[in-house]
Amino acid sequence: MRAAEWKRLSRPTLSAIDADWGWSKTLAFTRPVSWVLHGVLAEDSGRRSGEIYLWVVRTPLVVPLDGVVDLSWSERFGGGSTTYPIDSPGLAEAIGGAADEAIANARGGSPIAPPPGGVDNVRMQEARAYGLVLSGNPQGAIEVLHRVRRHRPTYPWEDELLERAGAVAALIETQRLHEVMQLLTGWRRENCASLGLQCE
């Protein structure tokens, strides 16, 4: 789906909902954007032409994302295999339902994004650790980062993740929380710019 088509399909519904919305490609997001991105994303169905999945997006911005919305914390609206024809009269209702969930998540206001179904991976654990720092629990962050560092890497990006987690853990352990906040703020700023978000 093209960005212009998604905006055309979603804007009438989202404009009628009591929230401030921005658009970036096939993502409509709630503003202001803080530490966690919330919104609705349209994804083409590879199986059915002219149909889309709707994602209720929840993505922490405290880890480098390399310009990609990480959907690990997000859920498909209506269930994993539910698609919506773009010419269906019911699409507006589905967009509205997904938007309501995104708004409810955003109003929770926590910098810690819970994994869907309670299952997480090493990347999600890293983000949780940084969310704990932002929540005023550096000791909890240290415990999670020590679990992260026990991960056995398979891919180059995992080596980078482990190096980053080790550096942040060392800063926390030496009471250099100001430097940790500078890192988290910098990653958030980079993510906002690369994803085309208007962040607070």
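Note that the structure is predicted; figures quoted are calculated from it, not measured.

1. Brief notes about the state of the cysteines
- Counted by the stated rule, this structure contains one disulfide.
- A sulfur-sulfur separation of 1.8 Å characterises the disulfide bridge that pairs C192 with C199. Given an S-S torsion of about -95°, the disulfide between C192 and C199 has left-handed geometry.
- C192 sits in the buried class, given a relative accessible area of 6%.

2. Focus: the packing of helix 3 (residues 122–134) against helix 5 (residues 156–173)
- Relative to each other, helix 3 and helix 5 sit at 20°, their axes nearing to 11 Å. Accordingly, the angle class assigned to the pair helix 3 and helix 5 is roughly parallel. For the crossing formed where helix 3 meets helix 5, the hand is left-handed. Between helix 3 and helix 5, the contacting residues are V122, R123, E126, Y130 and V133 on the first element and W157, L161, R164, A165, V168 and I172 on the second.
- In terms of residue class, the contact of helix 3 with helix 5 is made up of eight nonpolar, no polar and three charged.

3. Re the environment of S49
- With respect to the helices and strands, the residue S49 is situated in the loop between strand 3 (36–44) and strand 4 (51–60).
- You can call S49 exposed: its relative accessible area is 79%.

4. What to know about the layout of surface pockets
- Taken as a whole, the largest pocket encloses approximately 280 Å³ of empty space.
- Residue lining of the largest pocket: 19 residues in total, with T30, P32, S34, H38 and A106 positioned closest to the centre.
- Only strand 2 (27–31), strand 3 and helix 2 (91–108) provide two or more residues apiece to the lining of the largest pocket.
- Counted by class, the lining of the largest pocket contains nine nonpolar, five polar and five charged residues.
- Roughly 160 Å³ of volume is contained in the second largest pocket.
- Counted by class, the lining of the second largest pocket contains six nonpolar, four polar and one charged residues.

5. Structural notes on the pairing of strand 4
- Taken across its 10 residues, strand 4 has 10 buried, putting it largely inside the fold.
- With burial as the criterion, each face of strand 4 is covered, one bearing E51, Y53, W55, V57 and T59 and the other bearing I52, L54, V56, R58 and P60.
- Across nine bridges, the pairing between strand 3 and strand 4 is antiparallel. Residue pairing in the sheet places L37 in a bridge with T59 of strand 4.
- As consecutive antiparallel partners, strand 3 and strand 4 are separated by six residues, and within that stretch G50 has a phi angle of approximately 80°, a positive value.
- Bridging between strand 4 and strand 6 (residues 84–85) involves two bridges; their strand directions are antiparallel. Residue I52 lies in a different strand from strand 6, and its bridge partner there is Y84.
- Bridge count between strand 4 and strand 5 (residues 75–76): two bridges; the pairing is antiparallel.

6. Observations regarding the packing of helix 5 against helix 6 (residues 177–195)
- The contact between helix 5 and helix 6 brings their axes to 7 Å, and the two run at 145°. When the axes of helix 5 and helix 6 are compared, the crossing they make is left-handed. When helix 5 is examined against helix 6, the residues R164, V168, L171 and I172 are found in contact with a partner set consisting of L177, E179, V180, L183 and W187.
- Of the residues assigned to the contact of helix 5 with helix 6, the class counts are seven nonpolar, no polar and two charged.

7. A word on the environment of V119
- Here V119 lies in the loop between helix 2 and helix 3.
- For V119, a relative accessible area of 60% translates into the label exposed.

Here is what the cut-offs are and how they apply
Throughout this description, residue numbers start from 1 for each chain and increase along the sequence as written. With the structure being a predicted model, the display of local features is reserved for residues of pLDDT at least 70 and the display and counting of side-chain atom pairs for 80 or more, all residues being used for whole-chain, interface and lining totals. To get the side-chain values, all heavy atoms of the structure are used, and hydrogens and water are removed first. Note that a disulfide, as used here, is simply two cysteine sulfur atoms within 2.5 Å. Categorising residues by exposure relies on relative accessible area from a 1.4 Å probe, with only protein chains included: less than 20% of the type maximum marks a residue as buried, more than 50% marks it as exposed, and the intermediate range marks it as partly exposed. Here, axes are lines fitted to C-alpha atoms. For helices the fit covers the stretch in contact, and angles between N-to-C directions go from 0 to 180 degrees. Secondary structure follows DSSP: runs of H or I at least 4 residues long count as helices, runs of E at least 2 residues long count as strands, and numbering of each begins at the N terminus. Oblique is the label for any angle not covered by the other classes, which are roughly parallel (under 35 degrees), roughly antiparallel (over 145) and roughly perpendicular (65 to 115). Helix crossings fall into two classes, left-handed where the near helix is turned counterclockwise from the far one by less than a right angle and right-handed where it is turned clockwise. Note on contacts: a residue pair is in contact if any heavy atoms of the two residues lie within 4.5 Å. Side-chain classes are defined by residue name, with Ala, Val, Leu, Ile, Met, Phe, Trp, Tyr, Cys and Pro counting as nonpolar, Asp, Glu, Lys and Arg as charged, and the others, Gly among them, as polar. In this analysis a 1.4 Å probe is tested at points of a 1 Å grid over the protein atoms alone, and where it fits but cannot get out there is a cavity; an open set with protein on both sides within 12 Å along at least five of seven lines is a pocket; lining residues have an atom within 4 Å of a point. Grid points are joined across faces, edges and corners, and a volume is the space filled by probe spheres set on the points. Between any two strands, pairing holds if DSSP finds at least two bridges.

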